Amino acid sequence: MPGAGLERNAKLGLRRGRLAIEARIDLHGMVQAEAHAALTGFLLRARAAGHSYVLVVTGKGGPGYSEAFAERGVLRRSVPHWLRGPELRGIVLGFEEAARHHGGGGALYVRLRRR
C-alpha cells in the first residue's frame with residue numbers, strides 16, 4: 001500500500017543504525033517544482049542502483065528560514081503527497097518520519113520497491 005509506514009523492524013533498524021541508509025537527498029531551500037523534479041530523479045536513480053532505504057531531508061520550514069516565501073514548511077507538507085502520488089507510487093513501498101539524529105520532523109525514511 002503506497003504511503004504506508006515502515007515495518008517496525010525496519011524503523012528500529014534505521015533509527016539504531018543496523019539498517020543502512022543507502023542514499024540521501026537534501027531538498028532544503030528548493031522551490032516546489034525544483035524539489036519535486038530532484039526527488040523524482042533521486043528516487044529513480046536510487047532504485048536503479050538497487051537501494052532499499054533512503055533519507056529525504058525536507059527541512060522543517062522553521063520561522064525566519066526564508067522571508068521570501070510567505071508559506072513555510074511547504075516541502076515538509078508536499079513530499080508525503082508526492083511519495084503517494086501516481087508518479088512515485090510504483091517505486092515507493094512506504095515512508096516514515098526519521099529519527100531525531102537523522103533530521104526528525106524535517107526528514108523521512110523512504111523504502112523503495114525492488115526492481
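Conventions used here
- Per chain, the residues get numbers from 1 upward, laid out in the order the sequence is written.
- Per-residue local features are limited, in this predicted model, to residues with pLDDT of at least 70; the limit for side-chain atom pairs, both in listing and counting, is 80 or more; totals at the level of whole chains, interfaces and linings are taken over all residues.
- For the side-chain quantities, the full set of heavy atoms in the structure was used; hydrogens and water were omitted.
- Grouping buried Ala, Val, Leu, Ile, Met, Phe, Trp, Tyr and Cys residues that are joined through side-chain atoms within 4.5 Å yields what is termed a nonpolar core.
- Throughout, exposure labels follow a simple rule: accessible area from a 1.4 Å probe, protein chains only, divided by the maximum for the residue type, with under 20% read as buried, over 50% as exposed, and the rest as partly exposed.
- Helix numbering and strand numbering both begin at the N terminus, where a helix is a DSSP run of H or I of at least 4 residues and a strand a DSSP run of E of at least 2.
- The contact rule is simple, with two residues in contact once any of their heavy atoms fall within 4.5 Å.
- Strands qualify as paired when DSSP identifies two bridges or more between them.
- An axis is simply a line fitted to the C-alpha atoms; with a helix, the fit covers only the stretch in contact. Between two such axes, the angle follows the N-to-C directions and lies from 0 to 180 degrees.
- In a helix, the anticipated span is given by 1.5 Å times the number of residues less one.

A. Spatial organisation of the nonpolar core. Ranked by size, the top nonpolar core spans 21 residues in total, and within it Leu39, Leu43, Leu83, Val92 and Val110 carry the most contacts. Contributing elements (two or more residues each) for this core: strand E1 (23–26), helix H2 (32–48), strand E2 (53–57), helix H3 (74–84), strand E3 (92–97) and strand E4 (107–112). Here this core gets five residues from one element, more than from any other, and that element is H2. Residues in contact with Val110, not counting those within four places in the same chain, are Leu43, Ser52, Tyr53, Val54, Val56, Leu83, Val92, Gly94 and Phe95. Listed in part, the 10 residues of the second largest apolar core include Ala10, Leu14, Leu55 and Ala99.

B. Summary view of the sheet that holds E4. The mixed open sheet is built from four strands, whose spatial order is E1-E2-E4-E3. If you trace the sheet from one side to the other, it starts and ends with E1 and E3, each paired once. Geometrically, the sheet is characterised by an average inter-axis angle of 20 degrees between neighbouring strands, direction not taken into account. One ladder, built from five bridges, connects E2 with E4; its direction is antiparallel. Residue pairing across strands places Leu55 opposite Tyr109, the latter belonging to E4. Contacting E1, E2, E3 and E4, H2 runs over the sheet at an angle of about 165 degrees to E2.

C. Structural view of H2. Taking 1.5 Å per residue, 17 residues should reach 24 Å; H2 reaches 24 Å between its end C-alpha atoms and fits that length. Listed as buried for H2 are Ala35, Leu39, Thr40, Gly41, Phe42, Leu43 and Ala46. Tucked into the core, H2 has its buried residues touching E1, E2, H3, E3 and E4. Remark: Gly50 follows H2 within two positions and exhibits a positive phi of approximately 85 degrees.

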